[in-house]
Amino acid sequence: MHTLTEADDFDRAMLSRAVLEAEQARLAGDRPFGALIAEQGGRLLVLGRNREASNADPTAHAEVDALRKLGPRAPAGAAGLTLYASGEPCPQCAAAIFYSGIRRVVYAVGADTMRACEEEGAPVLKMGCREVFATGSHPVCVVGPVEVELGREVLRRHFGR
């Protein structure tokens, strides 16, 4: 069983898989972010990646893509699921995760690091996912940033910083 407040080997493996999805998004011409949702017992349920450019949809972030795919395949208790993200979920994604009922989020690259890589003049909401979750009526455990291989490199490849 996972320790809820710390990353274990399974968490790191899932984050590495999310980073691979981020690379796939980058190769498709989208911003390099990936996400996935898994059960605590270890079963991977869905993969998601950023599709903002591909879908011409500014809400098509990796976490939202994963949540949309989960839809009808969600087990009865979403609270037992973990969402893994290559980067810290933005306020939009944090709200979507909160309303999905998922109670645990693990991410690789923190928002401060991601903002340092972004294009000059890009719109930025300077609020971390912990701040969003702290305003909610139920708790969401957040673990991150967790260093994983290629986590920052995928961002550098895309943004050149």
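Our subject is the structure listed above.
Here we summarise the structure given alongside this text. Given the structure is predicted, the values throughout are model-derived calculations rather than measurements. (Residues numbered from 1 in each chain as written. Predicted model: local features only at pLDDT ≥ 70, side-chain atom pairs only at ≥ 80, totals over all residues. Heavy atoms only, no water.)

Description of the overall build of the protein
Phase 1: When its secondary structure is counted, the protein shows 7 helices and 5 strands.
Phase 2: Listed N to C, the secondary structure of the protein is α-β-β-α-α-β-α-β-α-α-β-α in terms of helices and strands.
Phase 3: The globule rule puts the C-alpha radius of gyration for 161 residues at 15 Å, and the 14 Å found for the protein is close to it.
Phase 4: Over its C-alpha atoms, taken along the principal directions, the protein stretches across nearly 40 × 30 × 30 Å.
Phase 5: Out of the 161 residues belonging to the protein, those deemed buried represent 49%. (Helix = DSSP H or I, 4+ residues; strand = E, 2+ residues; numbered from the N terminus. Rg over C-alpha atoms; globule rule 2.2 N^0.38 Å. Buried < 20%, exposed > 50% of the residue type's maximum accessible area, 1.4 Å probe, protein only.)

Focus: the packing of helix H1 (residues 9-27) against helix H7 (residues 151-159)
Phase 1: In contact at an axis separation of 9 Å, H1 and H7 are set at 10° when each is read in the N-to-C sense. With respect to H7, the element H1 is oriented roughly parallel. Together, Val19, Ala22, Glu23 and Arg26 of H1 and Gly151, Val154, Arg157 and His158 of H7 make up the contact between the two elements.
Phase 2: Classifying every residue of the contact of H1 with H7 gives 3 nonpolar, 2 polar and 3 charged. (Axes fitted to C-alpha atoms, helices over the stretch in contact; angles between N-to-C directions. Parallel < 35°, antiparallel > 145°, perpendicular 65-115°, else oblique. Contact = heavy atoms within 4.5 Å. Nonpolar A, V, L, I, M, F, W, Y, C, P; charged D, E, K, R; others polar.)

Describing the sheet that holds strand E1 (residues 34-39)
Phase 1: Within the open sheet, the 5 strands sit side by side as E2-E1-E3-E4-E5. Their pairing is mixed. Bordering the open sheet on either side are strand E2 (44-49) and strand E5 (141-143), each of which pairs with just one other strand. Between one strand axis and the next, the sheet turns through 15° on average, direction left out of account.
Phase 2: As judged from the 3 bridges shared by strand E4 (residues 104-109) and E5, these two strands associate in the parallel manner. Paired with Arg104 across the bridge in E5 is Cys141.
Phase 3: The strands touched by helix H3 (residues 62-70) within the sheet are E1, E2 and strand E3 (81-87), with E2 carrying the most contacts at an inclination of about 140°. (Pairing = 2+ DSSP bridges.)

Things to note about the pattern of salt bridges
Phase 1: If you walk through the whole model with that rule in mind, you get 12 salt bridges.
Phase 2: Ionic pairing is found between Glu21 and Arg49, a salt bridge with its closest N-O pair at 3.1 Å. A residue pair is termed long-range when its members are at least 10 positions apart, and Glu21 in helix H1 and Arg49 in strand E2 qualify at 28 residues.
Phase 3: When its relative accessible area of 5% is taken as the criterion, Glu21 is described as buried.
Phase 4: In this structure, the salt-bridge partner of Arg68 is Asp57, at a minimum N-O distance of 3.6 Å. Here Asp57 lies in the loop between helix H2 (52-55) and H3 and Arg68 lies in helix H3, a separation of 11 residues in the sequence.
Phase 5: Put simply, Glu23, Arg26, Glu153 and Arg157 are held in one network by salt bridges that share partners. (Salt bridge = Lys/Arg side-chain N within 4 Å of Asp/Glu carboxyl O.)

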